[in-house]
Amino acid sequence: MTSTAMLSLTGQMLIAGQPVRGTGKDIRGIDPQSGKPLEPAYRYGDRSHVEDACAAAAEAFPAYRSAPIETRARFLETIAGNLESIGDALVDRAHSETGLPRPRLTGEVGRTAGQLRLFAAVLREGSWNQARIDPAQPDRTPLPRPDIRQRSVPLGPVAVFGASNFPLAFSVAGGDTASALAAGCPVVVKAHDAHPGTSELVGRAIADAVAACGLPAGTFSLLYGFGPELGTDLVTDPRIKAVGFTGSRAGGMALVAAAAGRPEPIPVYAEMSAVNPVFLLGGALASHGGDLGRAFVGSLTLGSGQFCTNPGLVIAVDGPELDSFVAAAAEAVAASTPTVMLTPGIADSFRDGVAALEDEAVLIARGSEGDAPAAPCRAALFATDASTFLASKALQAEVFGAAGVLVRCSDAAEMRQLANGLEGQLTATIHADESDHGPAGELLDVLELKAGRILFNGWPTGVEVGHAMVHGGPFPSTSDSRTTSVGARAIERFLRPVCYQDAPKTLLPSAIADGNPDALWRHVDGQLTKD
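Keep in mind the model is a prediction, meaning the values are calculated, not measured.

**Q** Tell me about the sheet that holds strand β21 (residues 495–501), and name the residues and values.
**A** Note: strands within a sheet are paired through backbone hydrogen bonds, in either parallel or antiparallel orientation. Overall, mixed pairing links the five strands, which are arranged β21-β6-β5-β22-β23 in an open sheet. Of all the strands in the sheet, the pair left with one neighbour each is β21 and β23 (527–529). With direction set aside, neighbouring strand axes in the sheet form an average angle of 25°. Bridge analysis of strand β6 (residues 148–154) against β21 gives seven bridges, and the strand direction is antiparallel. Of the residues in β21, the one forming a bridge with Q150 is C499.

**Q** Can you break down the pairing of strand β18 (residues 403–409) residue by residue, with the values?
**A** Across the seven residues that make up β18, a large majority, six, are buried. As paired elements, strand β13 (residues 313–317) and β18 share five bridges and run parallel to each other. Of the residues in β18, the one forming a bridge with V314 is L406. Here strand β17 (residues 380–385) pairs with β18 via six bridges, running parallel. Looking at the pairing, F382 lines up with V405 of β18.

**Q** Can you explain empty space enclosed by the protein? Please cite residues and give values.
**A** Here the structure, examined in full by the defined rule, presents six cavities of 30 Å³ or more. The space that makes up the largest cavity amounts to roughly 140 Å³. Ranked by residues supplied to the lining of the largest cavity, first place goes to β18 with three residues. A per-class count over the lining of the largest cavity returns twelve nonpolar, six polar and one charged. Of the volumes computed, that of the second largest cavity is approximately 90 Å³. As for the second largest cavity, its lining consists of 15 residues, of which Y269, T478, T483, S485 and R493 are closest to the centre.

**Q** Describe the environment of I86, listing the residues and the values that go with them.
**A** One can find I86 in helix α2 (residues 69–86). The sequence separation of I86 and L7 amounts to 79 residues, and the corresponding C-alpha distance is 7.4 Å.

About the thresholds
Residues numbered from 1 in each chain as written. Predicted model: local features only at pLDDT ≥ 70, side-chain atom pairs only at ≥ 80, totals over all residues. Heavy atoms only, no water. Pairing = 2+ DSSP bridges. Helix = DSSP H or I, 4+ residues; strand = E, 2+ residues; numbered from the N terminus. Axes fitted to C-alpha atoms, helices over the stretch in contact; angles between N-to-C directions. Buried < 20%, exposed > 50% of the residue type's maximum accessible area, 1.4 Å probe, protein only. 1 Å grid on protein atoms, 1.4 Å probe; cavity = no way out; pocket = protein on both sides within 12 Å on 5 of 7 lines; lining within 4 Å. Points joined across faces, edges and corners; volume = space filled by probe spheres on them. Nonpolar A, V, L, I, M, F, W, Y, C, P; charged D, E, K, R; others polar.

Structure follows, in structure tokens:
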């Protein structure tokens with residue numbers, strides 16, 4: 001259980017379990033509903049704090065990666081339990097710092113704990129080892145085959161950057177941290193400035209779990225700092241071997257460049273930007289266009305549109321079938337009231353993004369002005385044609401917030417042309433009745449090269465945490481399209497394969513030892529077996 005003392009915020013970083021006061025600029029969380037700063041003040045760290053955290057992580061790595069799998073699994077479960085035991089105090093602080101509704105944040109606590117427990121189960125199941133054995137064939141001609149075995153090992157200490165829009169599920173104890181810890185990698189987290197108090201509470205929950213499970217203190221550290229300075233120092237520290245990031249394209253690409261410029265380049269798994277197109281086919285529009293219009297606006301405005309999977313683009317063939325969708329969507333947008341955004345800076349960026357859309361598209365509807373919070377979001381829906389859209393960088397750019405663009409195509413061929421012209425996306429959605437399956441299949445051939453997750457007759461806001469989920473996609477939605485940041489396979493980002501040739505049997509790791517002591521599914525001479 002988490003101690004009552006842990007709930008008292010100190011304004012300090014955590015380096016290998018020790019509270020440390022930063023030496024740089026003071027920052028505070030801001031209540032986006034009132035615009036008022038929150039206590040306590042946090043101070044940015046500097047290069048010396050990065051040095052200490054990375055040194056501790058490197059020192060912890062040999063023991064942590066060698067810890068029994070059951071120990072690592074119980075560690076993840078202990079973090080989950082600690083987060084849940086904080087309860088209302090965690091939800092209240094996150095609400096104060098982000099303006100997100102308490103029910104949403106309560107669900108996010110559950111999702112964060114669920115991710116940790118998912119990876120505990122992944123560890124125990126064991127297929128992440130990717131164990132493979134090609135037994136020796138000494139009598140093979142013309143050359144004998146040696147004994148060759150393969151398993152996966154962790155990369156080393158990982159730097160994780162907390163996200164602004166998910167103060168729990170994509171931040172200090174979020175999916176990047178959970179999957180890296182599961183892989184056997186110590187983690188150094190740079191907290192997001194938008195929710196420093198929430199980050200401290202979660203960081204202490206992890207540090208308490210490190211101590212309770214008897215793990216090296218350097219298994220986890222939490223830093224605060226200015227991204228272009230401390231973040232760059234963290235990514236370029238030679239002891240860091242991989243990076244997890246969720247945020248803007250500019251921020252992600254800066255980290256990618258810094259990591260690539262190291263004497264030893266390292267992978268950066270950056271989730272960056274997407275407009276998540278929605279394709280409305282004729283049969284679906286004809287049968288329930290009005291319902292689709294209302295449902296689209298519900299997804300567009302959910303959480304003030306501050307989801308990386310927010311459906312910011314709708315594509316359909318122009319004609320009478322589209323009219324009921326447009327009318328219903330316009331009515332729903334006009335009826336919406338201003339909602340709070342995560343920070344004043346995000347609200348300013350949203351306003352600028354809407355202004356850029358106004359310069360190049362026709363405004364269909366705008367949310368009411370109402371009683372606006374300090375960081376307001378007024379929903380907006382625009383329309384344009386396919387050729388204008390494809391020629392405009394502004395119309396194709398992500399606007400982080402509840403702003404959408406409807407693109408009217410002249411026919412199905414132009415719709416496919418537009419799909420081919422899209423950048424890489426996290427998601428793509430097709431709304432289709434049975435009569436639409438022919439054109440839907442043609443779109444599917446295009447979209448599976450454009451997106452990491454393809455939905456039918458649903459909405460992309462909402463990412464299930466499970467074994468089959470993919471939250472990633474071709475550039476620029478992510479910096480590496482081969483991976484996912486959500487779901488069981490996220491652990492693979494922080495592992496690498498190692499081959500053991502003719503190793504003495506007494507030295508073989510248990511995952512690839514004779515007799516299968518861990519009872520794993522393994523590929524033996526190309527056949528999947530538990531023997």
